[in-house]
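Residue-level structure breakdown
These are the residues of each chain, in order.
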Number of protein chains: 2
Amino acid sequence: MEDEVDRLVAAWRRERPDLDVEPLEVLSRVSRLARHLDRARRLAFAEHSLEPWEFDVLTSLRRAGDPYQLSPGQLLTQTLVTSGTMTNRIDRLATKGLVERLPDPTDRRGVLVRLTPEGRDRADQALAGLLAQERAILGELSRSQRGELADLLRQLTAPFDNVPG
Amino acid sequence: MEDEVDRLVAAWRRERPDLDVEPLEVLSRVSRLARHLDRARRLAFAEHSLEPWEFDVLTSLRRAGDPYQLSPGQLLTQTLVTSGTMTNRIDRLATKGLVERLPDPTDRRGVLVRLTPEGRDRADQALAGLLAQERAILGELSRSQRGELADLLRQLTAPFDNVPG
DNA sequence: TTCAACTATCTTGACATCAAGACACTTTTC
DNA sequence: GAAAAGTGTCTTGATGTCAAGATAGTTGAA
């Protein structure tokens, strides 16, 4: 089946036959798919009264394991936002009682963000919902295709994730 | 090579061994890669004094071919933003002299957005820069791997692009 | 020990985005 | 041909994000 990127690439080949636009076949699809996924995730989380950004922070802490705490700096690298954004997010989650700020006992500049029991429950519930939705989206692909796709994507993400870029 | 999603998935398997988190192997990579691409694109466009959103609008018009004009509604479906956002974007691009608004001669509610000659040049220059950068990112993959990846991604994007969802 | 360089977090101000709805015009239905 | 339903664009108000810089604390070198 044809998608919007097929149409986009065909248009470029007509308008700019001098250029090789093949890279768009991969990377424009990644960007557009991410945009669709954002919308779908927003809907899925709405059933649990969570915003996508709330889910991102809560689940980062949830994954850290007992006692479910990380520094704001560690949260930055996981969620790919700036420090100002993270301060704001932590403030709002703390107001809602889903996380709390604790002083870092080993560094007086530092802070630790800890999940409250309610925050943990909300994260767990929303994760289950997200996985159900993602399985539906991936229903298009066979198990082996999903594995192939994951491997190819890993080759593109690894350089970003492993250098200080 | 390992990436952040490998670590994320391993953490979930430790914390929630009861859940099948395999969908994250694909879709979390798509979301994170898109985020990295956004940042890289922002840098590439800065050399041409364009914001990513400006590029998106200008190139949509560029691809339309002579006379390089589309309605705001057509621009919406290409760029995946809301109508309020598009109104704002067109305003700013018009102020900068890169596009102009014309009345639609066939529908008095309607408007046509047309690229100015300067807008067209800027779009062409920025596209060349973007393609160079994307080629560098895709250098990790062989030609056949890029083809495979594009095909697998198309299977995921096509349902979004072809239903009114 | 003291000073410079570095690091972690937070503050600030500007700005782009979205959702919801208003408004004007067009198309369909009876 | 008049009313209802539909469509295209713009306005409004709230909000989340970013870049840049401020502040406080830590570390390393001499």
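Being a predicted model, the structure only gives us computed values, none of them experimental.

1. Digging into the sheet that holds strand 2 (residues 99-103) of chain A
Sheet strands pair via backbone hydrogen bonds, and the direction of the pair is either parallel or antiparallel. Residues and elements named next belong to chain A. Taken together, the three strands give an open sheet; going across it, the order is 1-3-2, and neighbouring strands pair in antiparallel fashion. Every interior strand has two partners, whereas the edge strands, strand 1 (69-70) and strand 2, have only one. As paired elements, strand 1 and strand 3 (residues 111-115) share two bridges and run antiparallel to each other. In the sheet register, glutamine 69 faces strand 3, and the bridge partner there is arginine 114. Across the sheet, helix 5 (residues 83-95) lies against strand 2 and strand 3, angled at about 115° from strand 2, the strand it touches most.

2. Focus on the nonpolar core
Ranked by size, the top nonpolar core spans 30 residues in total, and within it Val26(A), Leu149(A), Leu156(A), Val26(B), Leu149(B) and Leu156(B) carry the most contacts. Counting residues per element, the ones that place at least two in this core are helix 2 (23-46) and helix 7 (143-162) of chain A together with helix 2 (23-46), helix 6 (117-138) and helix 7 (143-162) of chain B. Look past the residues within four positions of Leu156(A) in its chain and what remains in contact with it is Val26(A), Leu27(A), Leu33(B), Ile137(B), Leu138(B), Glu140(B), Leu141(B) and Leu149(B).

3. Remarks on the UniProt feature "domain: HTH marR-type" (unreviewed entry) in chain A
With numbering aligned to this structure, UniProt lists the feature "domain: HTH marR-type" (unreviewed entry) at residues 23-158 of chain A. In residues 23-158 of chain A, the share of helix is 69% and the share of strand is 9%. The end C-alpha atoms are 18 Å apart.

4. Some details on the relation of the copies chain A and chain B
It takes a turn of 180° to lay chain A on chain B, together with a shift of 0.0 Å along the axis; the resulting RMSD is 0.0 Å. Taken together, the rotation angle and the small translation identify this as a two-fold axis. A share of 100% of interface residues in chain A that are also interface residues in chain B marks the association as one of identical surfaces.

5. Let's talk about the pattern of salt bridges
Residue and element names in this part refer to chain A. In this structure the tally under the stated criterion is 46 salt bridges over all chains. The shortest N-O distance in the salt bridge between glutamate 54 and lysine 96 comes to 2.7 Å. Here glutamate 54, found in helix 3 (residues 52-63), pairs with lysine 96, found in the loop between helix 5 and strand 2; they are 42 residues apart in sequence, far enough to count as distant. By relative accessible area, which is 3% here, glutamate 54 ends up buried. According to the relative accessible area criterion, lysine 96 is partly exposed, its value standing at 42%.

6. Topic: the interface of chain A and chain B
Frequently, the measure chosen for interface size is the accessible area that the parts lose on association. At the junction of the two partners, chain A supplies 70 residues and chain B supplies 70 residues. Roughly 7,500 Å² of surface becomes buried between chain A and chain B when both sides are summed, with 64% attributable to carbon and sulfur atoms. Linking chain A to chain B there are 10 salt bridges. With its nearest N and O atoms 3.8 Å apart, the salt bridge here joins Glu25(A) to Arg154(B). Connecting chain A to chain B are 18 residue pairs in polar contact (both at pLDDT 80 or more). Looking at the side of chain A that touches chain B, the elements that each hand over two or more residues are helix 1 (4-15), helix 2, helix 3, helix 4 (72-79), helix 6 (117-137) and helix 7 of chain A. Ranked by residue count, the leading element in the side of chain A that touches chain B is helix 7 of chain A, at 17 residues. Taken together, the residues that form the side of chain A that touches chain B break down as 32 nonpolar, 11 polar and 27 charged.

7. Remarks on the pairing of strand 3 (residues 111-115) of chain B
Direction of pairing for strand 2 (residues 99-103) of chain B relative to strand 3 of chain B: antiparallel, over a ladder of five bridges. Bridging from a neighbouring strand, Pro103(B) pairs with Val111(B) of strand 3 of chain B.

Scoring rules and cut-offs
Residues numbered from 1 in each chain as written. Chains lettered and ligands numbered in written order. Predicted model: local features only at pLDDT ≥ 70, side-chain atom pairs only at ≥ 80, totals over all residues. Heavy atoms only, no water. Pairing = 2+ DSSP bridges. Helix = DSSP H or I, 4+ residues; strand = E, 2+ residues; numbered from the N terminus. Contact = heavy atoms within 4.5 Å. Axes fitted to C-alpha atoms, helices over the stretch in contact; angles between N-to-C directions. Core = buried A, V, L, I, M, F, W, Y, C linked by side-chain atoms within 4.5 Å. Buried < 20%, exposed > 50% of the residue type's maximum accessible area, 1.4 Å probe, protein only. UniProt positions renumbered as here; feature names shortened; annotations may be inferred. Least-squares fit on C-alpha atoms with pLDDT ≥ 70 in both. Salt bridge = Lys/Arg side-chain N within 4 Å of Asp/Glu carboxyl O. Buried area = accessible area lost by both parts, 1.4 Å probe. Polar contact = N/O pair within 3.5 Å; in protein donor to acceptor, adjacent residues only side chain to side chain. Nonpolar A, V, L, I, M, F, W, Y, C, P; charged D, E, K, R; others polar.

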